[in-house]
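This is what each chain is made of:
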Amino acid sequence: MNSRPILFSRSMVTALLAGRKTQTRRLLPQQPPEGYDRHCWYDAPLYGFTPNEVPSAEWFTVRVPAVKGDRFYVCESHYRYGHWEPKGDAKTPLGKQKWHFVEDSADVVFETPLIFRKGMHNADPYKPAWHRRTGRFMFRKHSRMTLEVKDVRIERLQDISADDAIAEGLQKLRATGRYVVDQGDQYFGLASHNPRQVFEWLWDGINVKTPWEKNPWIIAYTFVTVNANIDQVAA
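Each chain has its residues counted from 1, following the order in which its sequence is written. For a predicted model such as this one, the threshold for reporting local features is a pLDDT of at least 70, and the threshold for listing and counting side-chain atom pairs is 80 or more; totals across whole chains, interfaces and linings nevertheless cover every residue. In computing side-chain properties, one takes all heavy atoms of the structure into account and sets aside hydrogens as well as water.

(A) Representation of the overall build of the chain in the model. Strands are runs of DSSP state E lasting at least 2 residues, helices are runs of H or I lasting at least 4, and numbering of each runs from the N terminus. The helix and strand inventory of the chain stands at three helices and 13 strands. For the chain, the spread of C-alpha atoms along the principal axes amounts to about 65 × 50 × 40 Å. Each of the 235 residues in the chain was classed as buried or not, and the buried ones make up 40%. The contact criterion used throughout is that any non-hydrogen atoms of two residues lie within 4.5 Å. Look at the contacts in the chain between residues 6 or more apart in sequence, and 65% of them connect residues 24 or more apart. Carbon and sulfur atoms make up 50% of the accessible area of the chain, which totals about 13300 Å². This count recognises Lys and Arg as positive and Asp and Glu as negative, with His and chain-terminal groups excluded. Charge positions are represented by NZ for Lys, CZ for Arg, CG for Asp and CD for Glu. One finds the centroid of the 33 positive side-chain charges in the chain at a distance of 5 Å from the centroid of its 27 negative side-chain charges. To sort residues, take the accessible area from a 1.4 Å probe on protein chains only and compare it with the maximum for the residue type: under 20% means buried, over 50% means exposed, and anything in between is partly exposed. We get accessible surface area from the Shrake-Rupley algorithm with a probe of 1.4 Å; when it comes to residues, only the shown protein chains can shield them.

What follows is the structure, given as structure tokens:
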């Protein structure tokens with residue numbers, strides 16, 4: 001059993017906490033050449049592709065980050081109490097001093113504190129304060145949700161069904177019967193009776209370089225969410 005981090009936006013974290021989200025789609029780490037089609041698993045986690053016209057030759061293999069039975073720990077925006085210090089002699093590409101965040105408390109909160117900082121203040125970087133930290137700066141010990149992978153599929157993005165689109169965390173509005181990503185989120189207002197359409201909007205809002213129309217190969221993970229830190233979940 002392997003474990004690794006996985007990033008989620010605010011709206012997707014809301015869907016996880018509400019129990020609406022049981023699937024997530026991520027780009028395949030390497031896209032097979034044009035004209036190749038999926039074939040089969042090798043020794044997991046390797047996945048194989050062959051040319052459509054010559055099914056038995058020129059294998060193209062991709063390593064899949066997680067397989068059935070593995071776990072993810074969710075990384076999300078959060079708030080930590082601390083200050084900033086110079087990062088030794090490290091410099092930026094422009095020759096400026098690099099700084100890093102230093103915790104003054106082990107506490108982690110997810111609700112917005114009354115007073116907080118979004119980043120380092122040049123006037124008083126050493127002053128302890130609550131700071132907003134993005135998901136990529138969340139450590140394993142801070143995560144509050146664990147995803148247990150139950151199924152892994154390799155497919156084209158546009159292969160998603162209506163039911164799978166809903167399982168991506170969409171919310172159905174009672175008044176209209178239309179689907180949205182999350183009320184109050186940046187995608188609110190993009191509502192449709194077609195959940196695949198809403199998922200397309202969601203995907204394009206996050207994956208600018210690989211939009212829906214390119215129909216890339218993706219990994220579709222189905223999971224169960226455990227509302228606990230990964231190191232507190234029994235094996």
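(B) Up close: the sheet that holds strand β7 (residues 78-91). In space, the three strands of this open sheet follow the order β8-β7-β9, with antiparallel pairing throughout. Strand pairing shows two members of the sheet lacking a second neighbour, β8 (97-109) and β9 (129-133), which therefore form its edges. Sheet twist, expressed as the average angle between the axes of neighbouring strands with direction ignored, equals 55 degrees. Across eight bridges, β7 lies against β8 in antiparallel orientation. Bridging across to β8, Arg-80 finds its partner in Val-108. Two strands are counted as paired when DSSP detects at least two bridges linking them. Axis angles are defined between N-to-C directions and span 0 to 180 degrees, where every axis is a line fitted to C-alpha atoms and, for a helix, only to the segment in contact.

(C) Representation of the nonpolar core. Residues Phe-8, Phe-49, Leu-147, Ile-154, Phe-199 and Tyr-221 are the most contacted members of the largest nonpolar core, which totals 36 residues. Within the residue set of this core, elements represented by two or more residues are α1 (10-18), β4 (46-51), β6 (71-75), β10 (146-156), α3 (195-206) and β13 (217-226). Those residues in contact with Phe-199 that sit more than four places away from it in its chain are Arg-25, Leu-157, Ile-160, Ala-165, Glu-168, Leu-170 and Trp-212. What is meant by a nonpolar core is a set of buried Ala, Val, Leu, Ile, Met, Phe, Trp, Tyr and Cys residues, joined one to another through side-chain atoms within 4.5 Å.

(D) Seen up close, the sheet that holds strand β1 (residues 3-7). A sheet is described by the order of its strands in space; here five strands give the open sequence β1-β6-β10-β13-β2, paired in mixed fashion. If you trace the sheet from one side to the other, it starts and ends with β1 and β2 (23-27), each paired once. When strand polarity is set aside, the average angle formed by the axes of neighbouring strands in this sheet is 40 degrees. Strand direction decides the pairing type here: β2 and β13, joined by five bridges, are antiparallel. Each bridged residue has a counterpart across the sheet, and for Gln-23 the counterpart in β13 is Thr-222.

(E) Region of the structure containing unusual backbone geometry. Even without being a glycine, Asn-215 presents a positive backbone phi close to 50 degrees. The topology assignment puts Asn-215 in the loop between α3 and β13.

(F) Quick peek at the pattern of salt bridges. A pairing counts as a salt bridge when a side-chain nitrogen of Lys or Arg comes within 4 Å of a carboxyl oxygen of Asp or Glu. On inspection of all chains with the given rule, the structure shows 14 salt bridges. As a salt-bridge pair, Asp-124 and Arg-117 come within 3.0 Å of each other at their nearest N and O atoms. Assessed through its relative accessible area of 26%, Asp-124 is described here as partly exposed. When salt bridges that share partners are traced, they join Lys-21, Arg-25, Asp-151, Arg-153, Glu-155, Asp-164 and Glu-168 into one network.

(G) Structural view of the side chain of Lys-21. One can find Lys-21 in the loop between α1 and β2. Residues adjacent in sequence count toward polar contacts only when both atoms are side-chain atoms; beyond that, a polar contact is any pair of N or O atoms within 3.5 Å, and within protein one must be able to donate a hydrogen and the other to accept it. Among the polar contacts listed, one links the side chain of Lys-21 to the backbone oxygen of Gln-23, at a separation of 2.8 Å. Once residues lying within four places of it in the same chain are set aside, the contact partners of Lys-21 are Phe-8, Met-12, Ala-15, Leu-16, Ala-167, Glu-168, Gly-169, Phe-223 and Thr-225.

(H) Structural detail: the side chain of Asp-70. Summarising the element assignment, Asp-70 is placed in the loop between β5 (60-63) and β6. Lacking a salt bridge, the buried Asp-70 has Arg-4 as its closest oppositely charged neighbour, with an N-O distance of 7.7 Å. Filtering out sequence-adjacent residues up to four positions away, Asp-70 remains in contact with Met-1, Asn-2, Pro-65, Leu-147, Glu-148 and Val-149.

(I) Local environment of the pairing of β10. In this sheet, β10 lies alongside β6 in antiparallel orientation, the contact comprising three bridges. Bridging from a neighbouring strand, Arg-71 pairs with Glu-148 of β10. Where β10 meets β13, ten bridges bridge the pair, whose relative direction is antiparallel. Bridging from a neighbouring strand, Leu-147 pairs with Thr-225 of β13.

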